[in-house]
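Geometric and topological summary
So you can see what is in the structure, the chains are spelled out below.
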Amino acid sequence: MVPRIGRHTGDSGARLIDISPPISESTPVWPGDTAFNRAVTSDLGGSDAVTINRITTTPHIGAHADAPAHTRIDGAPIGSVPLGPYLGEALVVDMTGVDGAACIKPVEETVERLGGHLPQRLILRTYPKYPSEWENDFAGVSPDLTHWFADRGGVLIGIDGASFDPMDSKTMDGHHAASDRGVAILEGLCLDDVDEGYYELIALPLKFLDLDASPVRAVLRTLPSSLSTPTHAGEESS
């Protein structure tokens, strides 16, 4: 008997939410960084058998993962980082009312309000609406939050802003705190259609052997009812 392809019953009702902003020539990048550019090198519209594009851009475009090599001479490039942090249960926390860098208190309040469960991944929303143009004033992540989260078993923090650190930072304290504690970084997530709560995060970086970052196609999957019961802090849902 040939097996039929179908959804596992435990996934009934799960929904994918794309939290990756679109990438095109109009996508804003850090001032002075390499903007997205596309050229067609083979075109079905002409006499070619296939269409092939060539792109040039910064790896820090759109939703992306920073590697330790971004701020550390001896840091691992993105092709060498473990993939586990980029896949698994995550808590989305709304910080749109917070003044300044994303900090500990709103996370504690959200965890308490939702039943006391802190998963190993945090996704922080700081924009009421994701910006369509470059903005200099983004929140960043407090190093204190990163250390607090790592002390509780955290492995990844994602944010909708362009960086973990303020634009004028020379010391990159937010990035260094993440590298010190082995916490993976996601930046540039679009969270406009995401409510606070628990999800499964899927945001794997590409295996660029020597680069300091990689774009990701970041997705949140709503948790099916069979998986919605929180596990103990520091443990994964199965």
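Residues numbered from 1 in each chain as written. Predicted model: local features only at pLDDT ≥ 70, side-chain atom pairs only at ≥ 80, totals over all residues. Heavy atoms only, no water.

1. Digging into the overall build of the chain
If you tally the helices and strands in the chain, you get three helices and eleven strands. Element order for the chain, N to C, with α for helix and β for strand: β-β-β-β-β-α-β-α-β-α-β-β-β-β. Of all 238 residues assigned to the chain, the portion counted as buried reaches 43%. Carbon together with sulfur atoms contributes 52% to the accessible area of the chain, which is approximately 12,700 Å² in total. (Helix = DSSP H or I, 4+ residues; strand = E, 2+ residues; numbered from the N terminus. Buried < 20%, exposed > 50% of the residue type's maximum accessible area, 1.4 Å probe, protein only. Areas by Shrake-Rupley, 256 points an atom, 1.4 Å probe, with all protein chains shown as cover.)

2. So, the environment of Asn-37
With respect to the helices and strands, the residue Asn-37 is situated in strand β2 (residues 37-42). C-alpha of Asn-37 to C-alpha of Ser-26: the two residues are eleven residues apart in sequence and 9.4 Å apart in space. Apart from the residues lying within four places of it in its own chain, the contact partners of Asn-37 are Glu-25, Arg-54, Ile-55 and Thr-56. (Contact = heavy atoms within 4.5 Å.)

3. Focus on the nonpolar core
Ile-19, Leu-186 and Leu-201 are the most contacted members of the largest nonpolar core, which has 24 residues in total. Mapped onto this core, the elements with two or more residues apiece are β5 (87-94), β8 (184-187) and β9 (197-202). Each residue touching Leu-186, except ones within four places of it in the same chain, is listed here: His-64, Ala-65, Tyr-86, Leu-156, Ile-157, Gly-158, Ile-159, Phe-164, Leu-201, Ala-203 and Val-216. The next biggest cluster of nonpolar side chains, apart from the first, holds 21 residues, and it includes Leu-122, Trp-148, Ile-159 and Ile-185. (Core = buried A, V, L, I, M, F, W, Y, C linked by side-chain atoms within 4.5 Å.)

4. Focus on a nonpolar patch on the surface
The grouping of Leu-83, Leu-87 and Leu-204 at the surface amounts to a nonpolar patch, some 250 Å² of accessible area in total. Looking at where Leu-87 falls in the secondary structure, it is placed in strand β5. Note on Leu-87: relative accessible area 40%, which makes it partly exposed. (Patch = residues over 30% accessible without salt bridge, like charges linked within 9 Å, V, L, I, M, F, W, Y side chains within 5 Å. Salt bridge = Lys/Arg side-chain N within 4 Å of Asp/Glu carboxyl O.)

5. With respect to a negative patch on the surface
Together, Asp-99, Glu-133, Glu-135 and Asp-137 make up a region of like negative charge exposed at the surface. With respect to the helices and strands, Glu-133 occurs in the loop between β6 (121-125) and α2 (143-151). (Lys, Arg positive; Asp, Glu negative; His and termini not counted. Charge placed at Lys NZ, Arg CZ, Asp CG, Glu CD.)

6. Structural notes on the packing of α2 against helix α3 (residues 173-181)
Direction vectors running N to C along α2 and α3 enclose 15°, while the axes themselves pass 8 Å from each other. Taken together, the axis directions place α2 and α3 in an arrangement best described as roughly parallel. Here α2 and α3 pass one another in a crossing that is right-handed. Facing Pro-143, Thr-146, His-147, Ala-150 and Asp-151 of α2, the residues of α3 in contact are Asp-173, Gly-174, Ala-177, Ala-178 and Arg-181. Taken together, the residues that form the contact of α2 with α3 break down as four nonpolar, three polar and three charged. (Axes fitted to C-alpha atoms, helices over the stretch in contact; angles between N-to-C directions. Parallel < 35°, antiparallel > 145°, perpendicular 65-115°, else oblique. Left-handed = near helix turned anticlockwise from the far one by under 90°. Nonpolar A, V, L, I, M, F, W, Y, C, P; charged D, E, K, R; others polar.)

7. Observations concerning the side chain of Ser-20
Among the secondary structure elements, Ser-20 is positioned in the loop between β1 (16-18) and β2. Reaching out from Ser-20, the side chain makes a polar contact with the backbone nitrogen of Ala-218 at a distance of 2.6 Å. (Polar contact = N/O pair within 3.5 Å; in protein donor to acceptor, adjacent residues only side chain to side chain.)

Interpretation note: all reported values are geometric properties and have no functional meaning in isolation.
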